[in-house]
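Inside the fold
Here's the letter readout for the chains.
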Amino acid sequence: MALSREQIAMRVARELQDGYYVNLGIGIPTLVANYVPEGMEVMLQSENGLLGMGAFPTEAEIDADLINAGKQTVTTTKGASIFSSAESFAMIRGGHVDLTVLGAFEVDVQGNIASWMIPGKLIKGMGGAMDLVAGADNIIVTMTHASKHGESKLLDRCTLPLTGAGCIKKVLTDLAWLEIEDGAFILRERAPGVSVDEIVSKTAGKLIVPDHVPEMEF
Amino acid sequence: MAGFDKVVNSYEEAMAGLESGMTVIAGGFGLCGIPENLIAQIKQMQVKDLTIVSNNCGVDGFGLGILLEDQQIRKMVSSYVGENALFEKQLLDGELEVELTPQGTLAEKMRAGGAGIPAFYTATGFGTPVAEGKEVREFNGRSYILEESITGDFAIVKGWKADRYGNVIYRHTAQNFNPMAATAGKITVVEVEEIVEPGELDPTQIHTPGIYVDRLIVGSFEKRIEQRTVRKA
């Protein structure tokens, strides 16, 4: 079975460490916040200028002056700080954020990522994604392994305009956990019940399959 | 106005001197912390061919989106746009130009512009369409692109509280691009929710020192929410 959105978030959450400052992108990455292990302290960075992002507010707590990068109303956690966009991107660009999780359209064996622009469709912009991928050392890309039409999103070379070049080392799809090393994807884990053959058939880019590829457990 | 007193008493006075063809830098992220009354004044003035530098372009009928209604904007410099149907239409019709700029690069362009730094190198955008036509230079084995900073004829800023000398404090994430915008305008206009006397704000807490501020006005704000997300109490 392919991983559900929640299982993708749960698997990413296993990469968290106590004391991590983490930036979560819009969509599935946001769900990771729901699976922070018990007893672990993690602080969420929102690139519009908030470190220590909390849950959504109650109706009574709603404050138009307190939003996240998805423009959603949020709250702050204890120990939070708020700052300007320049300060926020100094943290990001300066490599101070421990983990960044974001979605993508395509990733390739060189660690290139395309996530913001599909030629011919309306281009809304890259927001903070280019800064995030350029600034972070530890990035996890979450996406489906193949498109709805069955086309692989794990390629030898991205076909869409890039968000960043040579910056991705870890990819979690609905089928597999992969690392990128020396111009190839390395299959590290597979989703429960998903065969290595299925992953091989849906991976267009060069893929190295170790002798043993454990199944993820949930 | 006398001495360091920056207070003006009307929005006409606040935006006096703005002309067609000028560049305006605006604070705000989405609809949060936007100078909504100063934007409304620009609409009132009907100046055209503006270049607007702002992370976003509001929504249909609110924020910078209202300047699209009479085609007052010629060019937007933003990181994310298209939350409004009118923007999309004018872009596709070729009436509007957009220069998409990574969010952190946009913030730094304003910061550097206000700080007298004409350009800077950043890894952001290297190897992407953003790098096209830009100088690339290697430092310590990594490639960076040269980005030019931005200044504006006007900067329009939304603060929370200010004293009459133009020392400004922002509230929560309504801060966002406002402090950088405030430094980067030839004429910087700040609108706030409350103006107090000099000495009433703690100097330690000031975000934007009054030296950057030319005009200050108190207004009332709708503060529209773009994505109202709640949890059960």
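Read on for an overview of the structure.

What counts and how
- Residues numbered from 1 in each chain as written.
- Chains lettered and ligands numbered in written order.
- Predicted model: local features only at pLDDT ≥ 70, side-chain atom pairs only at ≥ 80, totals over all residues.
- Heavy atoms only, no water.
- Helix = DSSP H or I, 4+ residues; strand = E, 2+ residues; numbered from the N terminus.
- Contact = heavy atoms within 4.5 Å.
- Areas by Shrake-Rupley, 256 points an atom, 1.4 Å probe, with all protein chains shown as cover.
- Lys, Arg positive; Asp, Glu negative; His and termini not counted.
- Charge placed at Lys NZ, Arg CZ, Asp CG, Glu CD.
- Expected span 1.5 Å × (residues − 1).
- Buried < 20%, exposed > 50% of the residue type's maximum accessible area, 1.4 Å probe, protein only.
- Polar contact = N/O pair within 3.5 Å; in protein donor to acceptor, adjacent residues only side chain to side chain.
- Pairing = 2+ DSSP bridges.
- Axes fitted to C-alpha atoms, helices over the stretch in contact; angles between N-to-C directions.
- Parallel < 35°, antiparallel > 145°, perpendicular 65-115°, else oblique.
- Left-handed = near helix turned anticlockwise from the far one by under 90°.
- Nonpolar A, V, L, I, M, F, W, Y, C, P; charged D, E, K, R; others polar.

**Looking at the overall build of chain B**
When its secondary structure is counted, chain B shows five helices and 13 strands. On the principal axes, the C-alpha backbone points of chain B span a range of 50 × 50 × 45 Å. Expressed as a percentage of contacts within chain B between residues at least 6 apart in sequence, the contacts between residues at least 24 apart total 71%. Counting every atom, chain B has about 9,800 Å² of accessible surface; 47% of that belongs to carbon and sulfur. Counting 22 positive and 32 negative side-chain charges, chain B places the centres of these two groups 5 Å from one another.

**Comments concerning helix α4 (residues 103-114) of chain B**
Residues and elements named next belong to chain B. Between its terminal C-alpha atoms α4 stretches 17 Å, which fits the 16 Å expected from 12 residues at 1.5 Å a residue. A large share of α4 lies buried, amounting to 10 of its 12 residues. Here α4 has its buried residues at Q103, G104, T105, L106, A107, E108, K109, M110, A112 and G113. Just past α4, the residue G116 takes up positive phi, approximately 75°.

**Observations regarding the side chain of T58 of chain A**
Along the chain, T58 of chain A turns up in the loop between β3 (50-53) and β4 (76-82). Residue classification places T58 of chain A among the buried residues on the basis of a relative accessible area of 9%. Sequence-distant contacts of T58 of chain A, defined by excluding residues within four places in its chain, comprise V230, R231, K232 and A233 of chain B.

**Comments concerning the side chain of E189 of chain A**
All names here are of chain A. Along the chain, E189 falls in strand β12 (residues 184-190). Of note is the side chain of E189, whose polar atom sits 2.9 Å from the side chain of R11. When sequence neighbours within four positions are dropped, the list of residues in contact with E189 reads R11, L175, A176, W177, V213, P214 and M216.

**Observations regarding helix α1 (residues 5-13) of chain A**
Regarding α1 of chain A, the residues found buried are I8, A9, R11, V12 and A13 of chain A. For α1 of chain A, the elements touching its buried residues are α2 (28-31), β5 (99-103), β8 (139-143), β10 (170-173), β11 (176-181) and β12 of chain A.

**Re the pairing of strand β3 (residues 73-78) of chain B**
All names here are of chain B. Across the six residues that make up β3, a large majority, five, are buried. Bridging between strand β2 (residues 50-53) and β3 involves four bridges; their strand directions are parallel. Bridge pairing links T51 to K75 in β3. Sheet topology places β3 next to strand β4 (residues 97-100); four bridges connect them, and they run parallel. The residue bridging M76 from the neighbouring strand is V98, located in β4.

**Structural notes on the packing of helix α3 (residues 85-93) of chain A against α4 of chain B**
Interaxial distance between α3 of chain A and α4 of chain B falls to 9 Å at its minimum, and their mutual angle equals 125°. One finds that α3 of chain A runs oblique with respect to α4 of chain B. Like other packed secondary-structure pairs, α3 of chain A and α4 of chain B cross with a definite hand, here left-handed. For the pair formed by α3 of chain A and α4 of chain B, the contact residues are S85, A86, F89 and R93 of chain A on the first element and Q103, G104, T105, A107, E108 and R111 of chain B on the second. Taken together, the residues of the contact of α3 of chain A with α4 of chain B sort by class into three nonpolar, four polar and three charged.

**What about the sheet that holds strand β9 (residues 154-155) of chain A?**
Residue and element names in this part refer to chain A. The strand order across the open sheet formed by three strands is β7-β6-β9, and the pairing between neighbours is mixed. The open sheet is flanked by β7 (113-114) and β9, the only strands paired with a single partner. Pairing analysis gives two bridges linking strand β6 (residues 106-108) to β7, with the strands arranged antiparallel. Each bridged residue has a counterpart across the sheet, and for V107 the counterpart in β7 is I113.

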